[in-house]
Amino acid sequence: MADAQIILAYARESGIVAIAHGEEHELARTALAETGFRRDDEGVYHPAVDDPESMVAELVTCAKRHHVTVHTSGRRFIGDAARDLAGQLPGQWSTSVQIFSHPSWQEDLVPWIWDSGELGRAIQSERIPYAATLRDAVHGTTLLFAERPGHEVGYLVAAFAPEWLEEGYADPHGPRSIVVPPFSGRAARAVADRFLPAYEQAVHARRTAAIADALESIRADYGGWQAVVASGRSSDATPLSVAALGAASEEFLDNSWRSFLTVVDHAPPLLVRCHPASSPWPADAETLSRLADAVIAAEDLGVEVALGGFVAPRERRARAWPAIETWLADGETFLRQARVSAPHRRPALPISAPIRSLAAGRSR
C-alpha cells in the first residue's frame, strides 16, 4: 500500500485546508489537484469553491482511486494557531507554515534547531508533516512551533540557532524546547515569560563561551610563538633565520586576527549588558572601557578591509595587534563581568491576556 496521505484541518479563512504527506506524497498531490484544490506558496492546499465540504467528498473518492488515505485533524490549521500565538507575543512577529511532505524533509531541520529537548528529539524520531516558524523582526529570534507528537493537545516550541552560530545541533548551551497549552494567551505567557528569557540567557552564555575559547586559542598560539622566538629554532630544531622568524610572526598574527574576529563579533552586545557598578568588581569599569575601545578599533579595521580598501598585510597586523594584546591582558576581567550580567528580560505579558483556544476545531 502506498504511503500517501492527505491531512485535512479546519482553517479560519478557507474553512478547510489540505496537506499532502508521505513517501508517496506525489499521489496525494495528484488527488488534490484533480479535485480542484489549489496549492499556495507555502505548500498548503485550499478548496477553490465556496462549498468546501462538497470538494472534500469528491476528494475522498478521488483519493481512494490513487490509494491515498485521508485523515481529518482534530486541531485547527497550524498556520492559524501560529498567528494567534504570534499576535500575543511582545514585539513584532511574523509567521510562516513549513510543510514536510516527504518524511525525510524534516531532517533538514536537525542541524538548525538549537534544542536538546522534546522537539529536537521528535524531529529525529517522529513524523512531523508540518510546523510553523515565528520570527521576531526586532531581535531576529526564530522559533519553531509544532503540534506535540503523540498527544491530542499541546504544542512544542523550540528555537532555531542564531545566524552567527550557524548550526545548533548538540550545542550544550542551547535552550530546551517547552510544551505550551492549546490556548494562545497561556501559550504566549509561557513563551514570553519562560522560553524567551531562557533563549536570551543561552545566547549570552554561548557568546561568552565563544569569546573565552577564542582568547584561549590566541594565548596558546602566543605561547607557542614566544617559545619559538626564545629558542631561536624552528619546529625541526634548525636555527631560525631572520626570514623564518618574520614568517612565523606573520603567521601567528594572521591566525590571531582570525580568532580575534570572534571577539569582535560577540563582544559588543555583551559589553552593553555589563554594569560593573552593580557587580562585585566596580573598579572594572575602566578596563571594560579599554576593551570596548579595542573592539571598536578592530571593527573599523575589519570594515575597511571588507569594503575593499587596501590595507597592506604588515599595516593590518600592526593595527590589529594592539587590540588583540589588550584583550589578552584584560579578557578575564571582561569574562567575569559577562558571566554575572543577566540578559535583559522582556516585559511579561499582562495576566489579563485573553485565553483563546489554539486547538479547537471541527471534525468530520
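Along each chain, residue indices are assigned from 1 in the same order as the chain's sequence is written. pLDDT decides what is reported in this predicted model: residues at 70 or higher carry local features, side-chain atom pairs at 80 or more are listed and counted, and totals for whole chains, interfaces and linings draw on all residues regardless. With hydrogens and water set aside, each side-chain value is computed from the structure's full complement of heavy atoms.

1. Describing the confidence of the model for the chain
Next up, step 1: pLDDT is a per-residue confidence score from the predictor, ranging from 0 to 100. Summing up the model confidence of the chain, the mean pLDDT is 88 and the portion of residues at 70 or higher is 91%.
Next up, step 2: We call two residues in contact whenever any of their non-hydrogen atoms come within 4.5 Å of each other. Across residues 351-364, where pLDDT falls below 50, the model places 43 contacts with residues more than four positions away in sequence or in other chains.

2. Focus on the nonpolar core
Next up, step 1: Joining through side-chain atoms within 4.5 Å is the link that ties buried Ala, Val, Leu, Ile, Met, Phe, Trp, Tyr and Cys residues into a set, and such a set is a nonpolar core. Exposure is judged per residue with a 1.4 Å probe applied to protein chains only, and the accessible area is read against the type maximum: over 50% gives exposed, under 20% gives buried, and values in between give partly exposed. Judged by nonpolar contacts, the single largest core of 39 residues is most densely connected at Phe 77, Leu 134, Leu 143, Phe 145 and Val 180.
Next up, step 2: Strands here are runs of E lasting at least two residues and helices are runs of H or I lasting at least four, both read from the DSSP assignment and numbered beginning at the N terminus. No other element matches the 10 residues that helix α5 (residues 184-231) contributes to this core.
Next up, step 3: What fixes the domain bounds is an automatic or database domain assignment. Residues from two domains meet in this core; each of domain 1 (5-61 + 69-75) and domain 2 (80-182) gives at least three.
Next up, step 4: Not counting residues up to four positions away in its chain, the partners in contact with Val 180 are Phe 145, Gly 154, Tyr 155, Val 157, Ala 187, Ala 190 and Val 191.
Next up, step 5: Counting residues in each nonpolar core, the second largest holds 30 residues, with Leu 270, Ala 294, Trp 321 and Ala 323 among its members.

3. Brief notes about the pairing of strand β8 (residues 142-147)
If a strand is regular, its side chains alternate between the two faces of the sheet.
Next up, step 1: With 6 of its 6 residues buried, β8 lies for the most part within the structure.
Next up, step 2: The two faces of β8 match: Thr 142, Leu 144 and Ala 146 on one face and Leu 143, Phe 145 and Glu 147 on the other face are all buried.
Next up, step 3: At least two DSSP bridges between two strands are required for those strands to pair. As paired elements, strand β7 (residues 130-136) and β8 share 4 bridges and run antiparallel to each other. Opposite Thr 133, over in β8, you have Leu 144 as the bridge partner.
Next up, step 4: Between the antiparallel neighbours β7 and β8 lie 5 residues, among them Gly 140 with a positive phi of about 80°.

4. Quick look at the sheet that holds strand β9 (residues 155-159)
Next up, step 1: Across the sheet, which stays open at both edges, the 5 strands sit in the order β6-β7-β8-β9-β10 with antiparallel pairing between neighbours. Each having just a single partner strand, β6 (93-99) and β10 (178-180) make up the two edges of the open sheet. Across this sheet, the average inter-strand angle for adjacent strands is 30°, counted without regard to direction.
Next up, step 2: Between N-to-C directions, angles span 0 to 180 degrees; the directions come from axes that are lines fitted to C-alpha atoms, helices contributing only their stretch in contact. Along the sheet face, helix α3 (residues 78-87) touches β6, β7, β8 and β9 and points at about 25° away from the line of β7.
Next up, step 3: Where helix α4 (residues 118-125) meets the sheet, it contacts β8, β9 and β10, and its direction lies at approximately 100° from that of β9.

5. Quick notes on the packing of helix α7 (residues 285-306) against helix α8 (residues 313-339)
Next up, step 1: Close contact between α7 and α8 brings their axes to 8 Å; oriented N to C, the two are set at 140°. Crossing geometry of α7 relative to α8 is assigned as left-handed. Between α7 and α8, the contacting residues are Thr 287, Leu 288, Arg 290, Leu 291, Ala 294, Val 295, Ala 298, Leu 301, Glu 304 and Val 305 on the first element and Arg 316, Arg 319, Ala 320, Ala 323, Thr 326, Trp 327, Asp 330, Thr 333, Phe 334 and Gln 337 on the second.
Next up, step 2: Think of it as three bins: nonpolar holds Ala, Val, Leu, Ile, Met, Phe, Trp, Tyr, Cys and Pro, charged holds Asp, Glu, Lys and Arg, and polar takes everything else, Gly as well. Residue classes in the contact of α7 with α8 are distributed as 11 nonpolar, 4 polar and 5 charged. Rotating anticlockwise by less than a right angle from the far helix to the near helix defines a left-handed crossing, while the corresponding clockwise rotation defines a right-handed one.

6. Regarding the side chain of Thr 133
Next up, step 1: Residue placement: Thr 133 occurs in strand β7.
Next up, step 2: Within the structure, Thr 133 has its side chain in polar contact with the side chain of Ser 96 (distance 2.7 Å). N or O atoms closer than or at 3.5 Å make up a polar contact, with two conditions inside protein: a donor-capable atom paired with an acceptor-capable one, and, for residues adjacent in sequence, both atoms drawn from side chains.

7. As for unusual backbone geometry
Next up, step 1: For His 67, which is not a glycine, the phi torsion comes out positive at approximately 60°.
Next up, step 2: Inspection of the secondary structure assignment puts His 67 in the loop between α2 (52-65) and β5 (69-76).

8. Considerations on α7
Next up, step 1: Spanning 22 residues, α7 covers 31 Å between terminal C-alpha atoms, matching the ideal 32 Å at 1.5 Å per step.
Next up, step 2: Burial in α7 covers these residues: Thr 287, Leu 288, Leu 291, Ala 294, Val 295, Ala 298 and Leu 301. The buried side chains of α7 occupy one side of the element, clustering within an arc of 145° when seen end-on. Here a helix's expected span is defined as the number of its residues, less one, multiplied by 1.5 Å. Working definition: the arc comes from the directions between the helix axis and the C-beta atoms, pointing outward to the latter.

9. Considering the packing of helix α1 (residues 25-35) against α2
Next up, step 1: Packing of α1 against α2 leaves a shortest axis separation of 9 Å and a crossing angle of 140°. As summarised for this structure, α1 and α2 are arranged oblique, according to the angle between their axes. Judged by the sense of rotation from one axis to the other, the crossing of α1 with α2 is right-handed. In this structure, α1 contributes Ala 31, Leu 32, Glu 34 and Thr 35 to the contact, and α2 contributes Met 55, Glu 58, Leu 59, Cys 62, Ala 63 and Arg 65.
Next up, step 2: Split by residue class, the contact of α1 with α2 holds 6 nonpolar, 1 polar and 3 charged. Orientation categories follow fixed angle ranges, with anything under 35 degrees roughly parallel, anything over 145 roughly antiparallel, 65 to 115 roughly perpendicular, and all other angles oblique.

10. Quick look at the packing of aromatic side chains
Next up, step 1: We call Phe, Tyr and Trp rings a pair once their centres come within 6.5 Å, taking the six-membered ring for Trp, and we label the pair stacked below 30 degrees between planes, edge-to-face above 60, and tilted otherwise. Taken as a whole, this structure holds 8 aromatic pairs when the rule is applied.
Next up, step 2: Measuring from centroid to centroid gives 4.6 Å for Phe 145 and Tyr 155, while their planes differ by 10°, and the two rings are stacked. Remark: Tyr 155 occurs in strand β9 and Phe 145 occurs in strand β8; sequence separation between them is 10 residues. By the burial criterion, Phe 145 is buried, and Tyr 155 matches it.
Next up, step 3: Note on Tyr 222 and Trp 225: the rings are 6.0 Å apart at their centroids and 15° apart in plane angle, and the pair reads as stacked. Of this pair, Tyr 222 and Trp 225 both sit in helix α5, 3 residues apart, roughly one helical turn.
Next up, step 4: Owing to a relative accessible area of 24%, Tyr 222 belongs among the partly exposed residues under this scheme.
Next up, step 5: Among the residues examined, Trp 225 registers a relative accessible area of 25% and is labelled partly exposed.
Next up, step 6: It is Arg 75 that lies over the ring of Tyr 155; its NZ or CZ is 5.1 Å from the centre.
Next up, step 7: For a Lys NZ or an Arg CZ to count as sitting over a ring, it must be within 6 Å of the ring centre and within 35 degrees of the ring normal. Cation over ring: Arg 186 sits above Phe 183, and NZ or CZ is 5.2 Å from the ring centre.

11. Details of the environment of Asp 84
Next up, step 1: Along the chain, the position of Asp 84 falls in helix α3.
Next up, step 2: Residues Asp 84 and Arg 135, 51 residues apart in the sequence, show an inter-C-alpha distance of 14 Å.

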